[in-house]
Amino acid sequence: MDDPLALETSGLTKVYGSGHTEVVALRDASMRVRRGEVVALLGPSGAGKSTFLLCVGLINPPTRGTVTIGGKLMQDGPRSLGDLRRFRRERIGFVFQKSNLIPFLSAIENVQVVGELIGRPSSVARRRAKELLDALGVGRRAFNMPTQLSGGEQQRVTVARALANQPSLILADEPTAALDSVRGRQVMELFRDVAHRHGTGVIVVTHDHRALDVFDTIYEMEDGLLKPAASAAAKATAARA
Amino acid sequence: MNLAVRDIRHSLGRFVLTTIGVGMLLMVVMGMGGIYRGLVDDALVVTRGVGADLWVVQRDTRGPFAEVSRLPRSLVDRIAAVPGVTDAREFVLHTIQREHRGKPLRMGVLGLGWPTDKGEGLPLIAGRPLAQNHFEMIADESLGLGLGERLRLGKDTYTVVGLTRWLVASGGDGIACFTSRDAQAIQFHEPGESIRLERQARRARADEIDFGRTQPGVLDRASGPAQSLAALPSPAISAVIARLMPGTDPASVQRSMSGWSDVTTYTGPQQEELLLKGSVDRARRQILLFRVLLTIISAVIMALIIYTLTLDKLHPIALLKLIGAPTHVIAGLILQQSLIMGVLAYGVGYLIGTRLFPLFPRRVLVSNDDLLRLAGIVLVISVLASLLGIWKAMRVAPNEAIG
């Protein structure tokens, strides 16, 4: 946890299929995310953004390249699914486009379950879950089921869940796609606050250019190639000014 | 936090309905076992009730419960004289069907060896044993007769003086107890016209033979009551039951009667074994096969239900994998649901069964051993049923939660 980098990828390559059906979804992608840094990842559909998140999130192993999370080299060869799963629950938080809450758990239980999975006693995990929900402004909806929450509230609960294990890294895939612009911006600002307050690295895949000023760093991806987005960064800087 | 309980709580209505359905199925499995036990118990209630140490039946037959056995009444005195025998009684059992209050009344007619046996050993729930050697009866409550009710059987009317519970024949018909004389009178009752026709036929036959023509007395006898004819036997009894002196070895008494060429003897346990291996055995095997089939069907249904419940949860399961839930948490979620369903269904089956079985026309006797055995089977079924769901859950990839 002392490593200043939340994430470092090097030469990350993902190839699907082989021979004439081979598709290179990710080409030699390298990225460094500091603790507390909020990174936006832009790019058209099919550019490889989600593949990048799946590789970094230890869900889909890369064909080549390394992934280092919180100073720990994770993807440098074959690892057991159990190891990867344990590392996910201890170090990574996920937020996705759709509200990905477990439908049979209330808001607080959706957050609490992550704490329990990393071995916290039930009461401690619940207290922590309540604190996070309060901090994210949905504490009063803690005992509501996901279907009783609005889209924005659901995303806030998802963010709370992503924070419940005090992760080194939060990966968010188009978290505002289902929200209107106001609520979308609120969620993006939430990520920035969370990253700065908790020292968590955050990578957000987004199409929403209206909130780019929220991000510290912006990357673009096209045809599997990852590069810093100069034009977008300039736009963001201008928006901030 | 118990994820299985949370998921059940979330889809409570469907889970409850499914559990009730499975419970009803288990109730049927329970009931089939109970029907078998009831069948055996009903079959043995008479043999155990009469308390016989030895059954003496017609030579080379298997006794009154398996086939027709006819013995002369005089055999009772012969057996009573065998060393080691305390007392010997007639045993008469047959089934009749009459009409009573406009409905068919089917009953087993059991003859008690008056005056030594007045029915004191019967499971009386009301009334008293027989107090006179004619025109009284003790009826099983399943026959629907009340104390003091009068019933015409043959040419006589009998009064119900006692009521029993669960005294039924192996066919399930309630038993009514009479003195053996009355039981035989009911069995061999013939309408007056039939008797007149028989006498007429007898007279015609006597007229046609020389002996009849030369001996007028024979013609007179032929027109008289049957019992006055030496050539015609008195009504037969089904068996003779003997009680032995304390400490007497039944085998030794059997040996001493083995030289009699007109009878076969069985000890009490032998008679019970014959009864169970004979008329009850086929029903037992049939019920056993039904139980096995129902148990398999229950297992298949439970497996499908658990599998369907798992299919409904594939997205949450993928999500749990995504946030790093270990395999045992996910497998535990499915296994626990299966076990909870199995245990609750068993409870539902038991509760409904205990209220429903007494209303069945035949006795359903659910024993504790059978209940424990079924509980074990349900646990095994629950575990097996969850395997299909667990297998499906293990194949779900965490990235399916994202798509």
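Residues numbered from 1 in each chain as written. Chains lettered and ligands numbered in written order. Predicted model: local features only at pLDDT ≥ 70, side-chain atom pairs only at ≥ 80, totals over all residues. Heavy atoms only, no water.

K.L.:
An account of the overall build of chain A is needed here, citing residue identities and associated values.
P.N.:
In terms of regular secondary structure, chain A is built from seven helices and 10 strands. Relative to a compact globule of 241 residues, whose C-alpha radius of gyration would be 18 Å, chain A shows 18 Å and is just as compact. When the backbone C-alpha atoms are referred to their principal axes, chain A occupies close to 50 × 45 × 35 Å. Going through the 241 residues of chain A one by one, you find that 56% of them count as buried. When contacts within chain A are restricted to residue pairs at least 6 apart in sequence, those whose partners lie at least 24 apart make up 70%. (Helix = DSSP H or I, 4+ residues; strand = E, 2+ residues; numbered from the N terminus. Rg over C-alpha atoms; globule rule 2.2 N^0.38 Å. Buried < 20%, exposed > 50% of the residue type's maximum accessible area, 1.4 Å probe, protein only. Contact = heavy atoms within 4.5 Å.)

K.L.:
Can you break down the overall build of chain B residue by residue, with the values?
P.N.:
Secondary structure assignment for chain B yields 12 helices and 10 strands. At 32 Å, chain B has a C-alpha radius of gyration far larger than the 22 Å of a compact globule built from 403 residues. A principal-axis box enclosing the C-alpha atoms of chain B has dimensions of 115 × 50 × 45 Å. The 403 residues of chain B split such that 47% are buried. In chain B, 75% of the contacts between residues at least 6 apart in sequence involve partners at least 24 apart. Carbon and sulfur atoms provide 60% of the accessible area of chain B, an area that totals close to 19,800 Å². (Areas by Shrake-Rupley, 256 points an atom, 1.4 Å probe, with all protein chains shown as cover.)

K.L.:
Quick one: what's the story with the pairing of strand β3 (residues 103–112) of chain B, residue by residue and with numbers?
P.N.:
Residue and element names in this part refer to chain B. By the criterion of burial, β3 is predominantly enclosed, with seven of the 10 residues buried. Pairing of strand β2 (residues 85–100) with β3 involves nine bridges; the strand directions are antiparallel. Residue pairing for β3: L93 is matched across the bridge by L110. In sequence, β2 turns back onto β3 through a hairpin of two residues, with R101 there showing a positive phi of about 50°. Of the strand pairs in this sheet, β3 and strand β8 (residues 175–179) are connected by five bridges, and their pairing is parallel. (Pairing = 2+ DSSP bridges.)

K.L.:
Residues and numbers for the interface of chain B and chain A, please.
P.N.:
Of the residues lining the interface, 25 residues belong to chain B; the matching set on chain A comes to 24 residues. Summing both partners gives a buried area of about 2,300 Å² for chain B against chain A, and 66% of it is carried by carbon and sulfur. Looking at the side of chain B facing chain A, the largest losses of area belong to M1(B), L322(B) and I323(B), adding up to 28% of the total buried there. Taken together, the connections running from chain B to chain A amount to two salt bridges. Those elements that provide at least two residues to the side of chain B that touches chain A are α1 (3–10), α10 (314–322) and α11 (327–356) of chain B. A class-by-class count of the residues in the side of chain B that touches chain A yields 14 nonpolar, six polar and five charged. (Buried area = accessible area lost by both parts, 1.4 Å probe. Salt bridge = Lys/Arg side-chain N within 4 Å of Asp/Glu carboxyl O. Nonpolar A, V, L, I, M, F, W, Y, C, P; charged D, E, K, R; others polar.)

K.L.:
Mind laying out a nonpolar patch on the surface, listing which residues take part and the relevant values?
P.N.:
Among the surface-exposed residues, L288(B), V292(B), I296(B), V300(B) and L304(B) lie close enough to one another that they form a single nonpolar patch of about 430 Å² accessible area. Position of V300(B) among the secondary structure elements: in helix α9 (residues 268–312). (Patch = residues over 30% accessible without salt bridge, like charges linked within 9 Å, V, L, I, M, F, W, Y side chains within 5 Å.)

K.L.:
Residue-level account of the packing of α11(B) against helix α12 (residues 368–394) of chain B, with values.
P.N.:
All names here are of chain B. Contact geometry for α11 and α12: axes closest at 8 Å, N-to-C directions at 145°. Of the two possible hands of crossing, α11 and α12 adopt the one that is right-handed. Looking at the contact of α11 with α12, its residues break down into 19 nonpolar, six polar and no charged. (Axes fitted to C-alpha atoms, helices over the stretch in contact; angles between N-to-C directions. Left-handed = near helix turned anticlockwise from the far one by under 90°.)

K.L.:
Could you give me a rundown of helix α8 (residues 250–257) of chain B, with the residues and numbers involved?
P.N.:
Listed as buried for α8(B) are V253(B), Q254(B) and M257(B). Viewed end-on, α8(B) has its buried residues packed into an arc of 105°, placing them on one side of the element. (Arc of directions from axis to C-beta.)

K.L.:
Can you break down unusual backbone geometry residue by residue, with the values?
P.N.:
Each neighbour pair has its own omega, and for W114(B) with P115(B) the value is 5°, a cis peptide bond. Summarising the element assignment, P115(B) is placed in the loop between β3 and β4 (124–127). Phi is positive for L58(A), close to 60°, though the residue is something other than glycine. In this structure, L58(A) sits in the loop between α1 (49–56) and β4 (64–69). Using a relative accessible area of 1% as the deciding quantity, one classes L58(A) as buried. A positive phi angle is found at D60(B), which is not glycine, with a value near 60°. Along the polypeptide, D60(B) turns up in the loop between β1 (54–58) and α3 (75–80). For D60(B), a relative accessible area of 61% puts it in the exposed group.

K.L.:
Give a description of the side chain of E136(B) that names residues and reports values.
P.N.:
As for its position among the elements, E136(B) is in strand β5 (residues 136–140). At 2.8 Å, the side chain of E136(B) and the side chain of R128(B) are in polar contact. (Polar contact = N/O pair within 3.5 Å; in protein donor to acceptor, adjacent residues only side chain to side chain.)

K.L.:
How would you summarise the pattern of salt bridges if you had to cite specific residues and measurements?
P.N.:
Opposite charge on two side chains allows them to pair when their charged atoms are near. On inspection of all chains with the given rule, the structure shows 25 salt bridges over all chains. With a closest N to O distance of 3.6 Å, E37(A) and R34(A) form a salt bridge. Here E37(A) falls in the buried class, since its relative accessible area comes to 3%. The class of R34(A) is partly exposed, set by a relative accessible area of 48%. Residues participating in the shared-partner salt-bridge network are D41(B), D42(B), R362(B) and R363(B).

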